[in-house]
Amino acid sequence: MKRLLPLFCAIGILIMLRLSNLSVRLSDTNIYFYTAYEILNGKLLYKDIFFTNLPLFPYISSLYLFFSNNNILFYYFTPTIEVSIITILLYYLVYKKTKEYMTSLSAALLYLFSFMVLSTSEHQTGVFLSSLFAVLAYLFWERKKYSVTGILLALCLVTKAYFLPIILSFFAAELLSKHYKKFFKISGSFFISIFVVLLPFILFAQNQLYTDIIRYSLTRLAGVSKIDIVWFFITKDLLLFMLLIFNLFNFRKNIFFGCISLFSILFFFFYTDTYYLYLNFLPPFLCLSLPLFFHFLKQQLHVQKYVFPTIIFLFLSVSIYTYMSSFRDLGKISNIQKLLNTIQKQKPATLYGVNDITPALAYLTNTPLLNSIVDTNESIFRKQYLNADQLTKDAIKQKAIIITHGASYPQAGVDEKILDGIFNKQMIQKHCKQIVSVPVFTEGVVNRVNLFTCAL
């Protein structure tokens, strides 16, 4: 137990960091929270709620809400719980295989304090829940419980579909190793489990399920430059990137980790609308491959065994510093209470606005969303599933409060109150007036959240 103390102290540090900085942010977390809230109120995913991913995560989210009495701050904290469990599992898995304490601790801490995990676990988007299912699948795979492995891989996929490279790696590793019996055991339970999860939606929302996932999600337009994502990954998590490349060159000696690197790279380049967040399927398995990397380096360099853990500690120190100094407050709204007080004072019939904050404001002020639309992502408008002109017109007609992103830089003569493609800007300028504006910290040009009240 004494040897486990550093691991639990590290987890405790992450928990304290989260609790001391817990807040509602500009985040997709608010979409998932409100979707789960609607499910608890009796609505059916796809049929009543437009949703662009597979269905398990919103229903597990509804359990988080149920047990926390719909506490939105607890919902923001749940990924920290998931990350902590994954970290413990990684330590256990590496130690069970190597019996090396420092290597096991290094692998666990490399995951826990990687920049990717630190920066994205501020938000609940389902990626860490899917990671948890994937790591549990690996645990049961190692224990030769292949039917359970298939079930957990199915849960992983129906939580976040972009974990497909991980699932394919399990199947490919068995096929390339000519373990056909194991392959069929895993694939059998995998496909049966997916069918069971999707069956209610196939029966009651078949057309909407097809539209939301197949027609929309698989044909989304690119959002962020892939070159920027790769460079961000390399500069912020160089050790993880090195493990990714190492596993490719080590393919013959460990097919499974080689497949993960190969399929991950293929997914990144061939799936059009990729984001940095999506890469979260990589860190747990790259950290599991760390002992292989250590062994290779020891053979090549013949250095003392504590050298590599020390290097990891130095890299993680840089990661923590970068996160704390530049990214910890990303998305935080300086005075969200001012927004809430304004909405409650105005008592609008509905709210309409940007999807990264409007659902949270709707829930916290008990105000309906315009036309019950939870997700107003700009890509949905670009794909013409929603119409900016019509929804702006509806918002004005219903005397809604409109919530926009803005950019205010007086020193440069910039004061743009509406930056989003989900509005008809001319209609808002003609029929609406700004009633409040608060600062927000983001990576891009957005630095304000603005509220407008409208009347014909």
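A. Looking closely at the overall build of the chain. Each helix and strand in the chain was counted, giving 22 helices and 5 strands. Over its C-alpha trace the chain gives a radius of gyration of 23 Å, about what one expects of a compact globule, namely 23 Å for 456 residues. Once local pairs closer than 6 in sequence are excluded, the contacts in the chain between residues at least 24 apart make up 73%. Carbon and sulfur atoms make up 63% of the accessible area of the chain, which totals about 20800 Å². Taking the average place of the 40 positive charges on the side chains of the chain and the average place of its 22 negative ones, the gap between the two points comes to 8 Å.

B. Region of the structure containing the layout of surface pockets. Approximately 260 Å³ is the volume found for the second largest pocket. In this structure, the second largest pocket is lined by 16 residues; those nearest its centre are Leu93, Val94, Lys97, Tyr138 and Glu142. Put simply, the parts of the chain that give the lining of the second largest pocket at least two residues each are α4 (72-98), α7 (127-142), α14 (255-270) and α16 (290-301). Per element, the largest residue contribution to the lining of the second largest pocket is 5 residues, and it comes from α4.

C. Representation of a nonpolar patch on the surface in the model. A contiguous nonpolar patch, built from Leu238, Met242, Leu301, Val303, Val307, Ile311 and Phe315 and spanning about 500 Å² of accessible area, is present on the exposed surface. Elements supplying a minimum of two residues to the nonpolar patch: α13 (238-249) and α17 (307-327). Considering every element that reaches the nonpolar patch, the biggest residue donor is α17, with 3 residues.

D. Focus on empty space enclosed by the protein. The tally for this structure, following the rule as stated, stands at 2 cavities of 30 Å³ or more. Considering the residues around the largest cavity, the lining is formed by Leu351, Tyr352, Gly353, Val354, Asn355, Thr358, Pro359, Leu369, Leu370, Ile373, Val374 and Thr376. For the lining of the largest cavity, the secondary-structure elements that each account for two or more residues are β1 (351-353) and α19 (358-365). The dominant element in the lining of the largest cavity, judged by the number of residues it contributes, is β1, at 3 residues. Here the lining of the largest cavity is composed, by residue class, of 8 nonpolar, 4 polar and no charged. As a volume, the second largest cavity reaches approximately 30 Å³. If you go around the second largest cavity, the residues you meet are Arg18, Asn21, Leu22, Ser23, Arg25, Tyr76 and Glu122. Here the residues of the lining of the second largest cavity are counted per class, giving 2 nonpolar, 2 polar and 3 charged.

E. Focus on the nonpolar core. Within the largest apolar cluster, 153 residues are counted, with the highest numbers of intra-cluster contacts made by Tyr138, Phe170, Phe256, Phe285, Ile357, Leu361 and Ile403. Residues contacting Phe170, with those up to four places away along its chain left out, are Ala134, Ala137, Tyr138, Trp141, Thr149, Leu153, Phe256 and Phe285.

F. Summary view of the side chain of Thr29. For Thr29, the position within the fold is in helix α2 (residues 29-40). A polar contact of 2.7 Å, which involves the side chain of Thr29, links it to the side chain of Ser27. A polar contact of 2.9 Å, which involves the side chain of Thr29, links it to the backbone nitrogen of Gln124. In this structure Thr29 touches Tyr75, Tyr76, His123 and Gln124, once residues within four positions along its chain are discounted.

G. Structural detail: the environment of Cys156. Relative to the helices and strands, Cys156 is located in helix α8 (residues 146-159). Taking relative accessible area as the criterion, Cys156 reaches 0% and is therefore assigned buried. The contacts of Cys156, once residues within four sequence positions are left out, are Ser130, Phe133, Ala134, Phe163 and Ile167.

H. Structural detail: the pattern of salt bridges. Tallied over the full model, the rule gives 8 salt bridges. Notably, a salt bridge pairs Lys332 with Asp329, separated by 3.8 Å at the nearest N-O pair. In this structure Lys332 comes out as partly exposed when scored by relative accessible area, which is 25%. Between Arg382 and Glu378 there is a salt bridge, with the nearest N and O atoms lying 3.9 Å from each other. Placement of both Arg382 and Glu378 in helix α20 (residues 378-382) is noted, with a separation of 4 residues, approximately one turn of the helix. Residue class for Glu378 comes out partly exposed when judged on its relative accessible area of 31%.

I. Up close: the packing of α16 against α17. Taken N-terminus to C-terminus, the directions of α16 and α17 make an angle of 125°; their axes are 11 Å apart at the nearest point. Considering the angle they form, α16 stands oblique to α17. Along the contact surface, α16 presents Leu290, Phe294, Leu297, Lys298 and Leu301, while α17 presents Phe308, Pro309 and Ile312. Class assignment for the residues of the contact of α16 with α17 results in 7 nonpolar, no polar and 1 charged.

J. Quick peek at helix α1 (residues 5-19). When the terminal C-alpha atoms of α1 are compared, their 21 Å separation across 15 residues agrees well with the 21 Å that a helix rising 1.5 Å per residue should span. When α1 is considered as a whole, its buried residues turn out to be Leu7, Ala10, Ile11, Leu14, Leu17 and Arg18. All buried residues of α1 lie within an arc of 115° about the axis, which places them on one face of the element. In α1, the exposed residues that point more than 90 degrees away from the buried face are Leu5 and Met16. Packed against the buried residues of α1 are α4, α5 (101-112), α6 (115-120) and α17.

Cut-off values and rules
Residues numbered from 1 in each chain as written. Predicted model: local features only at pLDDT ≥ 70, side-chain atom pairs only at ≥ 80, totals over all residues. Heavy atoms only, no water. Helix = DSSP H or I, 4+ residues; strand = E, 2+ residues; numbered from the N terminus. Rg over C-alpha atoms; globule rule 2.2 N^0.38 Å. Contact = heavy atoms within 4.5 Å. Areas by Shrake-Rupley, 256 points an atom, 1.4 Å probe, with all protein chains shown as cover. Lys, Arg positive; Asp, Glu negative; His and termini not counted. Charge placed at Lys NZ, Arg CZ, Asp CG, Glu CD. 1 Å grid on protein atoms, 1.4 Å probe; cavity = no way out; pocket = protein on both sides within 12 Å on 5 of 7 lines; lining within 4 Å. Points joined across faces, edges and corners; volume = space filled by probe spheres on them. Patch = residues over 30% accessible without salt bridge, like charges linked within 9 Å, V, L, I, M, F, W, Y side chains within 5 Å. Salt bridge = Lys/Arg side-chain N within 4 Å of Asp/Glu carboxyl O. Nonpolar A, V, L, I, M, F, W, Y, C, P; charged D, E, K, R; others polar. Core = buried A, V, L, I, M, F, W, Y, C linked by side-chain atoms within 4.5 Å. Buried < 20%, exposed > 50% of the residue type's maximum accessible area, 1.4 Å probe, protein only. Polar contact = N/O pair within 3.5 Å; in protein donor to acceptor, adjacent residues only side chain to side chain. Axes fitted to C-alpha atoms, helices over the stretch in contact; angles between N-to-C directions. Parallel < 35°, antiparallel > 145°, perpendicular 65-115°, else oblique. Expected span 1.5 Å × (residues − 1). Arc of directions from axis to C-beta.

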